[in-house]
Amino acid sequence: MTIKIKVENLNFYYGSFQALKDINIDIHENRITALIGPSGCGKSTFIKTIDRMYDLIEDTKADGSIAFEGINVLDESTDVVELRKRIGMVFQKPNPFPKSISENVLYAVKRHGDQDKKEYSNIIENSLKKASLWDEVKHKLNQSAFSLSGGQQQRLCIARTLATKPDIILMDEPTSALDPIATSKIEELLQELKKEYTVIIVTHSMQQAARISDYTAFFLSGELIEFGETKDMFTAPRDKRTEDYITGRYG
């Protein structure tokens, strides 16, 4: 199985506080990897290292290696703009821009400026179709994105991410602000998306991790305690701390 991202000896610091400690993990291509663990354990920090989102936070430092497509993401010479085009991010709460539905989809495409304007309508349609939203919005593409429901807004944010044709999609608790029906739609969508993309999702829901992911990583206090195939981790965890967390004894 192809390794899409290889993380070796990753450490991360907010000032003097070490948030990640010697992380080693292989992220497999066209699979969903779920990151689980209690609040403050390093899950969200970990995905911020993959697309260098931490560059936006003062007094942070990362060392080690995150190998992606022949580069070390952490190198100062890495083109962060190009990196974030290849590695998209979907956040916890839907964050559409105060623009029309179509302008939301095209936002990053226009910023990168490497697509022919004649392709815009195709990009809008294809991205919305991949996000399972086209049929619901095709008759109102010029309406405000804020006219959509919360679940539709989150799928619009996914479409916006897909529009730049990324290889990897990072998701930081993308359904935590949604109702069960909208959550179910996003989960169904992820099963389709992994056919074309590699997905890493942070989730607080054990049930969600068990339902949708191929691999699961359990973080605790900045350490990667256990990583493996989801079915194995949830039926026969190797570490007592993993078992305690999965069974609700703490966390």
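Coordinates for the structure precede this section.
A few points on the structure.

Rules behind the numbers
Residues numbered from 1 in each chain as written. Predicted model: local features only at pLDDT ≥ 70, side-chain atom pairs only at ≥ 80, totals over all residues. Heavy atoms only, no water. 1 Å grid on protein atoms, 1.4 Å probe; cavity = no way out; pocket = protein on both sides within 12 Å on 5 of 7 lines; lining within 4 Å. Points joined across faces, edges and corners; volume = space filled by probe spheres on them. Helix = DSSP H or I, 4+ residues; strand = E, 2+ residues; numbered from the N terminus. Nonpolar A, V, L, I, M, F, W, Y, C, P; charged D, E, K, R; others polar. Buried < 20%, exposed > 50% of the residue type's maximum accessible area, 1.4 Å probe, protein only. Contact = heavy atoms within 4.5 Å. Polar contact = N/O pair within 3.5 Å; in protein donor to acceptor, adjacent residues only side chain to side chain. Pairing = 2+ DSSP bridges. Axes fitted to C-alpha atoms, helices over the stretch in contact; angles between N-to-C directions. Parallel < 35°, antiparallel > 145°, perpendicular 65-115°, else oblique.

## Some points on the layout of surface pockets
Then, number 1: Taken as a whole, the largest pocket holds about 590 Å³ of empty space.
Then, number 2: Taken together, 20 residues make up the lining of the largest pocket; nearest its centre are Arg84, Tyr107, Ala108, Arg111 and His112.
Then, number 3: Mapped by element, the contributors of at least two residues to the lining of the largest pocket are helix H2 (80-86), strand E6 (87-90), helix H3 (101-112) and helix H6 (150-162).
Then, number 4: Considered class by class, the residues forming the lining of the largest pocket number 10 nonpolar, 5 polar and 5 charged.

## Overview of the environment of Val199
Then, number 1: One can find Val199 in strand E8 (residues 198-202).
Then, number 2: Classification of Val199 as buried rests on a relative accessible area of 0%.
Then, number 3: On a C-alpha basis, the gap between Val199 and Arg31 in space is 6.3 Å, while along the polypeptide they are 168 residues apart.
Then, number 4: Excluding residues that lie within four positions of it along the chain, Val199 makes contacts with Arg31, Ile32, Thr33, Ile169, Met171 and Leu190.

## Section: the side chain of Ser102
Then, number 1: Position of Ser102 relative to the elements: it lies in helix H3.
Then, number 2: At 3.2 Å, the side chain of Ser102 forms a polar contact with the side chain of Ser100.
Then, number 3: When residues no more than four places from it in sequence are discounted, the contact partners of Ser102 are Ile124, Leu141 and Asn142.

## Some remarks on the sheet that holds strand E4 (residues 60-68)
Then, number 1: Overall, antiparallel pairing links the 4 strands, which are arranged E2-E1-E4-E5 in an open sheet. The open sheet is flanked by strand E2 (17-28) and strand E5 (71-72), the only strands paired with a single partner.
Then, number 2: By the bridge criterion, 8 bridges tie strand E1 (residues 3-14) to E4 in an arrangement that is antiparallel. When the sheet's bridge partners are listed, Tyr14 is paired in E4 with Thr60.
Then, number 3: Helix H1 (residues 43-50) contacts E1, E2 and E4 of the sheet and is inclined by roughly 115° relative to E1.

## Quick word on the packing of H3 against helix H4 (residues 120-130)
Then, number 1: Axis separation between H3 and H4 bottoms out at 10 Å; the angle between their running directions is 110°. Taken together, the axes of H3 and H4 lie roughly perpendicular to each other. Note on element contacts: H4 touches H3 through Tyr120, Ile123, Ile124, Ser127 and Leu128, opposite Ile101, Ser102, Val105, Leu106, Val109 and Lys110.
Then, number 2: The residue makeup of the contact of H3 with H4, split by class, is 8 nonpolar, 2 polar and 1 charged.

## Brief notes about the sheet that holds E8
Then, number 1: Pairing within the open sheet is mixed, and its 6 strands lie in the order E6-E7-E8-E3-E9-E10. Because the sheet does not close on itself, it has two edges, and the strands there are E6 and strand E10 (223-229). Neighbour-to-neighbour, the strand axes of the sheet open up by a mean angle of 15°, direction not taken into account.
Then, number 2: Direction of pairing for strand E9 (residues 215-220) relative to E10: antiparallel, over a ladder of 6 bridges. Residue pairing in the sheet places Phe219 in a bridge with Leu224 of E10.
Then, number 3: Packing against the sheet, H6 makes contact with E6 and strand E7 (168-172), and its axis sits at approximately 170° to E6.

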